[in-house]
Amino acid sequence: MASVEQLVAQKTLPARPLVNPVTPAEINIPPAEDPLLQFLTSCFMKDGKRQKAARVTSQVLLYIHTLTRSAPLPLLRTAIEAVAPAVRCITNKHAGKTVVYPVPLSEKQRAHTAIKWIVQASDSRKGRKMEIRVAKEIIAIIQGMDQAEKAQFSTAYKRKEEVHRYAMANRGNAGRNA
């Protein structure tokens, strides 16, 4: 019987390595200095344990990449932008009745509210680890953006819709001082 080298020399087998090394899928790791990731880490942080919160943030990005096989940072940005409310409603007692004032939010306030809602919505999901639950909630937000019924996928998106509906109902009070 002929050896592999002899078959290659006779050109019956192509000259290629016997073992095809499979290169692992490239993970585009975002820089740690990214402002959104630092803000997300700050929102996850409890009792000043920033390193633990940073580990949670990196695990969330890893799970998003594992579940979608795409770059996690653009998906995270899209999900936070989709859930971020434009306004919040402040209630005030005025002349014996309650008056609701819609107030616009800054970009940082919008992002913080969106992250807070995503974490709260992920608490109702199945799973033991917070990282997996948050990643699944972010993916649910992304999947729900394409659908007509967005609220059926994500509780956080449903909450945004409720806040905007409430603000639109009380938009007549927006110009008045709170």
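Residues numbered from 1 in each chain as written. Predicted model: local features only at pLDDT ≥ 70, side-chain atom pairs only at ≥ 80, totals over all residues. Heavy atoms only, no water.

Topic: the packing of helix α3 (residues 50-68) against helix α4 (residues 72-83)
Heads up, the rule is: Where helices are involved, their axes are fitted lines through C-alpha atoms of the stretch in contact, as for all axes, and angles between N-to-C directions lie from 0 to 180°. Elements are defined by DSSP. Helices are runs of H or I of four residues or more, strands are runs of E of two residues or more, and each kind is numbered from the N terminus. Orientation categories follow fixed angle ranges, with anything under 35 degrees roughly parallel, anything over 145 roughly antiparallel, 65 to 115 roughly perpendicular, and all other angles oblique. Working rule for contacts: check all heavy atoms of both residues, and any pair within 4.5 Å makes them a contact. Under this grouping Gly is polar, as are all residues other than the nonpolar Ala, Val, Leu, Ile, Met, Phe, Trp, Tyr, Cys and Pro and the charged Asp, Glu, Lys and Arg.
It is the contact of α3 with α4, at a shortest axis distance of 9 Å, that shows an interaxial angle of 100 degrees. Judged on the interaxial angle alone, α4 and α3 are roughly perpendicular. Of the residues in α4, those in contact with Leu61, Ile64, His65 and Thr68 of α3 are Pro72, Leu75 and Leu76. For the contact of α3 with α4, the per-class residue count stands at five nonpolar, two polar and no charged.

Details of the pattern of salt bridges
Going by this rule: Here, a salt bridge means any Lys or Arg side-chain nitrogen found within 4 Å of an Asp or Glu carboxyl oxygen. Only protein chains enter the accessibility calculation, which uses a 1.4 Å probe; a residue whose area is less than 20% of its type maximum is buried, one above 50% is exposed, and one in between is partly exposed.
Evaluation of the coordinates by the stated rule reveals four salt bridges. The shortest N-O distance in the salt bridge between arginine 133 and aspartate 123 comes to 3.6 Å. With arginine 133 in helix α6 (residues 130-144) and aspartate 123 in the loop between α5 (107-122) and α6, the pair connects residues that are 10 residues apart, well separated along the chain. Accessibility expressed as a relative area gives 12% for arginine 133, which makes it buried. The class of aspartate 123 is partly exposed, set by a relative accessible area of 48%. Among the ionic pairs, arginine 125 bridges to glutamate 137, the shortest N-O distance being 2.7 Å. Of this pair, arginine 125 sits in the loop between α5 and α6 while glutamate 137 sits in helix α6; the two residues are 12 residues apart in sequence, bridging distant segments of the chain.

Observations regarding the side chain of serine 154
What counts is decided by this rule: In protein, a polar contact means a hydrogen-donor-capable atom and an acceptor-capable atom, both N or O and within 3.5 Å, with residues adjacent in sequence counting only if both atoms are side-chain atoms; elsewhere, any N or O pair within 3.5 Å suffices.
Here serine 154 shows up in the loop between α6 and α7 (155-169). Among the residues examined, serine 154 registers a relative accessible area of 2% and is labelled buried. Separated by 2.5 Å, the side chains of serine 154 and glutamate 137 make a polar contact. Ignoring anything within four residues of it in the chain, the contact list for serine 154 reads Glu137, Ala140 and Ile141.

Let's talk about the nonpolar core
Cut-off, in case you're wondering: Nine residue types can take part in a nonpolar core, namely buried Ala, Val, Leu, Ile, Met, Phe, Trp, Tyr and Cys, and a core is a set of them joined through side-chain atoms within 4.5 Å.
Among the nonpolar cores identified, the biggest contains 33 residues, and Phe44, Leu76, Ile80, Val83, Ile118 and Ile138 are the most heavily contacted of them. What isoleucine 80 contacts, discounting residues up to four positions off in sequence, is Leu36, Ala111, Ala114, Ile115 and Ile118.

Re the pairing of strand β2 (residues 97-104)
Operational definition: Here the rule is simple: two strands pair whenever DSSP picks up at least two bridges between them.
By the bridge criterion, eight bridges tie strand β1 (residues 87-94) to β2 in an arrangement that is antiparallel. Directly across from arginine 88, in β2, lies its bridge partner valine 103. Between β1 and β2, which follow one another and run antiparallel, lie two residues, and alanine 95 among them has a positive phi close to 55 degrees.

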